[in-house]
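Descriptive structure summary
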Amino acid sequence: MDKLNSSADRKMIISDVMRDICRYFNFGCSFIYLVDANRQATLFSAHRAYLDFEHLDHTIDLGERLDAKSYQELLECKNVNYDRLKIKTTLDEHMAEIFRAQALLLLPLTDKSGELMAFIGMADRRGESREGDQDLNFAHYILVVIGNYLRILLSAAKAEKMKNVLTTVINDTGVDVFVLDYYTDAILYMNASLRKRLDLSDEEIGNNPWQEFFGKEKAPEGFVKKENLVTKTGEFSGPKSWNMQVKDGSWRRFISTAFYWVDGRLAQSVSSIDITERVKREEQIRYYSEYDALTGLRNRHKLLLDCDDGIETLLKEKRKGYIGFCDLNHFKVINDTYGHDVGDELLRQIGAYFNENKETKDRVYRYAGDEFVLLFLDKDQAEVEKIIEQVKEDMKEPFLLGSQELVVSASLGVTCFPDDARTTSDLIHKADLRMYESKHRRRQEEQS
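Residues numbered from 1 in each chain as written. Predicted model: local features only at pLDDT ≥ 70, side-chain atom pairs only at ≥ 80, totals over all residues. Heavy atoms only, no water.

This part covers the overall build of the chain. When its secondary structure is counted, the chain shows 13 helices and 17 strands. For the chain, the proportion of its 448 residues judged to be buried stands at 41%. Roughly 25700 Å² of accessible area belongs to the chain as shown, and the carbon and sulfur atoms make up 50% of that amount. (Helix = DSSP H or I, 4+ residues; strand = E, 2+ residues; numbered from the N terminus. Buried < 20%, exposed > 50% of the residue type's maximum accessible area, 1.4 Å probe, protein only. Areas by Shrake-Rupley, 256 points an atom, 1.4 Å probe, with all protein chains shown as cover.)

Read across the sheet, four strands follow the order S13-S14-S12-S17 without closing on themselves; strand pairing throughout is antiparallel. Only two strands of the sheet have a single neighbouring strand rather than two, namely strand S13 (364–368) and strand S17 (410–417). Put simply, the sheet's adjacent strands are angled 25 degrees from each other on average, direction ignored. Two strands pair when backbone bridges link them, and strand S12 (residues 321–328) and strand S14 (residues 371–376) are joined in this way by six bridges, in the antiparallel orientation. Bridge assignment links Ile 323 to a residue of S14, and that residue is Leu 375. In this fold helix H11 (residues 340–356) packs onto S12, S13 and S14, with an angle of close to 10 degrees to the strand it touches most, S14. Of the strands in this sheet, S12, S13, S14 and S17 are in contact with helix H13 (residues 424–447), which crosses S17 at around 145 degrees. (Pairing = 2+ DSSP bridges. Axes fitted to C-alpha atoms, helices over the stretch in contact; angles between N-to-C directions. Contact = heavy atoms within 4.5 Å.)

A separate point is the sheet that holds strand S5 (residues 103–110). With antiparallel pairing, six strands are arranged side by side in an open sheet as S3-S2-S1-S6-S5-S4. Whereas interior strands pair on both sides, the edge strands pair on one side only; in this sheet they are strand S3 (59–61) and strand S4 (80–83). Taken over all neighbouring pairs, the strand axes of this sheet differ in orientation by 20 degrees on average, direction set aside. Bridge count between strand S2 (residues 40–48) and S3: three bridges; the pairing is antiparallel. Bridged to Ala 41 within S3 is Ile 60. Where helix H4 (residues 90–99) meets the sheet, its contacts fall on strand S1 (27–35), S3, S4, S5 and strand S6 (116–125), and the angle it forms with S4 comes to roughly 75 degrees.

Our focus in this paragraph is the environment of Leu 116. Structurally, the position occupied by Leu 116 is in strand S6. Sequence-wise, Leu 116 and Ala 41 are 75 residues apart; in three dimensions their C-alpha atoms are separated by 9.8 Å. Those residues in contact with Leu 116 that sit more than four places away from it in its chain are Val 35, Leu 62, Tyr 71, Leu 74, Leu 75, Pro 108, Leu 109 and Thr 110.

At a closest axis distance of 9 Å, the pairing of helix H9 (residues 300–317) and H13 adopts a crossing angle of 110 degrees. Considered as vectors, H9 and H13 are oriented roughly perpendicular to each other. Across the interface between the two elements, Leu 303, Leu 304, Cys 307, Asp 308 and Ile 311 from H9 touch Thr 424, Leu 427 and Ile 428 from H13. (Parallel < 35°, antiparallel > 145°, perpendicular 65-115°, else oblique.)

This is how it looks when you write it as structure tokens:
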């Protein structure tokens, strides 16, 4: 039985049997050809009963030697039985011509999908040592037995090859795959790439996956999603997907589906791919859509969104909110005198001031040029007035721009929701007007 565990020994056993039946039935040769997906038949095993028999080609191009109709007939027929002295079919004649045979007994072997995987047969009897069709029927029966055994071997070899290919695909395509017990979340399987990334051994299979992905005692909310994977009637509802950041800081796209594991238990396959770069690009795109590149402050687009959302909240909670409009004094003079590079550096430092000040952090937006808007949707009037005055005082401090210090100042105007206006655009517009009123009063004071 040990011989049956080796493919080489199996080939030898089959070859010995083919030799014996060739001799027993007095044929000139016996043969086995394997057929690939391109309809190329390659000689797998052969026995020649006499040395001058040269009718067996090493390869046969069935796609070239047989037309489509004859090839289909070969797939569908039980056998080819050609004898030049008896009635024969077109297919019999075509196959006899390929083997240059006076007599031919051939059995095609197809797989479960109906594709030709091999054919087995014998050609040219040297003499009728036995009489009648019963002899050939017996020979055909023996070929059927050998053919079935060969079909099992070829199917097993094909399945093993497919398994190896799929294993390679699963392990080498950059996709992490693991299988969990549906109810306990114990890991039943991990592919090689995931084991390598997590540095896991066989002994660690069985742990819960979040221990490996997150290093926590409990899974993050919704990590192994089961919602709607299996319906109330027990049917599988198809794959579900989600994005999540794992403990090494990378982002992964998870895809999960339910199925039955090899031991019959309900299981859940989870595959994931690294989408960190994609997430970073999306975050960068989102950042530049909401933040000003020069100052690092939120931009005008983000202001309008946040202000609209804030007004809805204020309406629901029946509270007041405030908007401040800030403009730098004499900024145009600075640009014209020192150049736009100095003006840009000043704006950057202004942005840094707002971001570092705990009272203004996350509430200041660059509106345009040297104009900024401050949202106070969670402060009362006294708190807002105190912050505004502090900003005015801080702006009077000199800014170091290169090798020189510049002293600037700011004018601010404030409006109240809902007392002054009830929409974002109206609130900003009125705050802008009050800022100009403040700027005008400041100029009058400077001139007096």
